[in-house]
Amino acid sequence: MLEVAVIEDPAAAEVSLDPVRVRLLAELVEPNSATTLAAKVGLPRQKVNYHLRTLEQHGLVELAEERRKGNMTERVMRATAASYVISPLALAAVQPDPERSPDRLSARWLLALAARLVRDVGNLLTGSARAGKRVATFAIDGEVRFATARDRAAFAEELASAVTGLVAKYHDEAAEGGRSHRVVVAVHPSTPKEP
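What you see is a predicted model; the values in this text were computed from it and never measured.

> I'd like to hear about the pattern of salt bridges, residue by residue, with values.
This model, assessed by the stated rule, comprises eleven salt bridges. A salt bridge links Glu157 to Arg104, with the nearest nitrogen and oxygen atoms 3.3 Å apart. Highlighted residues: Glu157 in helix H6 (residues 149–170) and Arg104 in the loop between strand E5 (81–86) and helix H5 (107–131), separated in sequence by 53 residues. Arg104 gets classed as exposed once you look at its relative accessible area, which sits at 58%. Three or more residues joined by partner-sharing salt bridges are found here, namely Glu65, Arg67, Lys69 and Glu74.

Take a look at the structure:
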């Protein structure tokens with residue numbers, strides 16, 4: 001089971017957003033049968049089986065094992081990932097485009113950058129899984145508390161200068177066999193932690 005899977009297919013995205021199916025996906029972090037799931041979610045087993053088949057058709061759940069019970073075979077299913085992210089590719093015609101209005105101080109531009117990040121890393125994960133290789137990435141996540149808006153602005157200016165300097169130092173347009181990497185640095189107000 002993957003820790004995180006990216007949903008790129010519009011039909012799979014639609015299927016994953018149904019509240020009953022979301023509940024089933026959450027329950028299927030641990031393998032379960034339709035009978036067990038039906039008792040947990042309070043639905044008839046036939047209805048649970050219908051939702052499981054739909055989720056399976058879109059690659060969101062998979063067969064973990066089959067158990068023989070008398071003259072019947074019970075299918076035990078599990079989610080293909082512990083959590084899912086829907087890529088902007090699922091809404092290709094209306095996905096955010098940071099090139100439309102590049103304003104580094106705009107929250108909407110930051111959101112468009114984040115959407116591109118999800119799309120690009122999702123593509124990389126899909127391709128690397130097919131090739132059986134890992135994706136070389138690096139990320140930093142931290143929190144800083146500013147005393148004043150002036151401090152925040154000074155921090156942003158210093159951060160921009162440092163990153164620009166590093167990019168200039170290491171970027172080699174003529175590097176034969178080199179591979180381009182995208183650098184995204186974001187600063188936004190923290191939101192309360194979810195319970």
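> Provide a residue-level description of helix H3 (residues 34–41), including the pertinent values.
Among the residues making up H3, those that are buried are Ala34, Leu37, Ala38 and Val41. Angularly, the buried residues of H3 cover 105 degrees about the axis, an arc narrow enough to put them on a single face. Elements in contact with the buried residues of H3: helix H2 (19–27), strand E2 (32–33), helix H4 (45–57) and strand E4 (72–79). Residue Gly42 follows H3 closely and has a positive phi angle near 75 degrees.

> Mind laying out the packing of H2 against H3, listing which residues take part and the relevant values?
The contact between H2 and H3 brings their axes to 11 Å, and the two run at 120 degrees. Judged on the interaxial angle alone, H3 and H2 are oblique. In the crossing of H2 with H3, the sense of the turn from one axis to the other is right-handed. Of H3, the residues touching H2 (which contributes Arg23, Leu24 and Glu27) are Leu37, Lys40 and Val41. Its residues assigned to classes, the contact of H2 with H3 shows three nonpolar, no polar and three charged.

> Can you lay out the sheet that holds strand E3 (residues 61–69) for me, pointing to particular residues and giving the numbers?
The three strands lie next to each other as E2-E4-E3, forming an open sheet whose pairing is antiparallel. Every other strand in the sheet has two partners, leaving E2 and E3 as the edge strands with one partner each. Sheet topology places E2 next to E4; two bridges connect them, and they run antiparallel. What sits directly across from Ser33, in E4, is Val76. Lying over the sheet, H4 contacts E3 and E4, oriented at roughly 135 degrees with respect to E3.

Reading guide: rules and limits
Residues numbered from 1 in each chain as written. Predicted model: local features only at pLDDT ≥ 70, side-chain atom pairs only at ≥ 80, totals over all residues. Heavy atoms only, no water. Salt bridge = Lys/Arg side-chain N within 4 Å of Asp/Glu carboxyl O. Helix = DSSP H or I, 4+ residues; strand = E, 2+ residues; numbered from the N terminus. Buried < 20%, exposed > 50% of the residue type's maximum accessible area, 1.4 Å probe, protein only. Arc of directions from axis to C-beta. Contact = heavy atoms within 4.5 Å. Axes fitted to C-alpha atoms, helices over the stretch in contact; angles between N-to-C directions. Parallel < 35°, antiparallel > 145°, perpendicular 65-115°, else oblique. Left-handed = near helix turned anticlockwise from the far one by under 90°. Nonpolar A, V, L, I, M, F, W, Y, C, P; charged D, E, K, R; others polar. Pairing = 2+ DSSP bridges.

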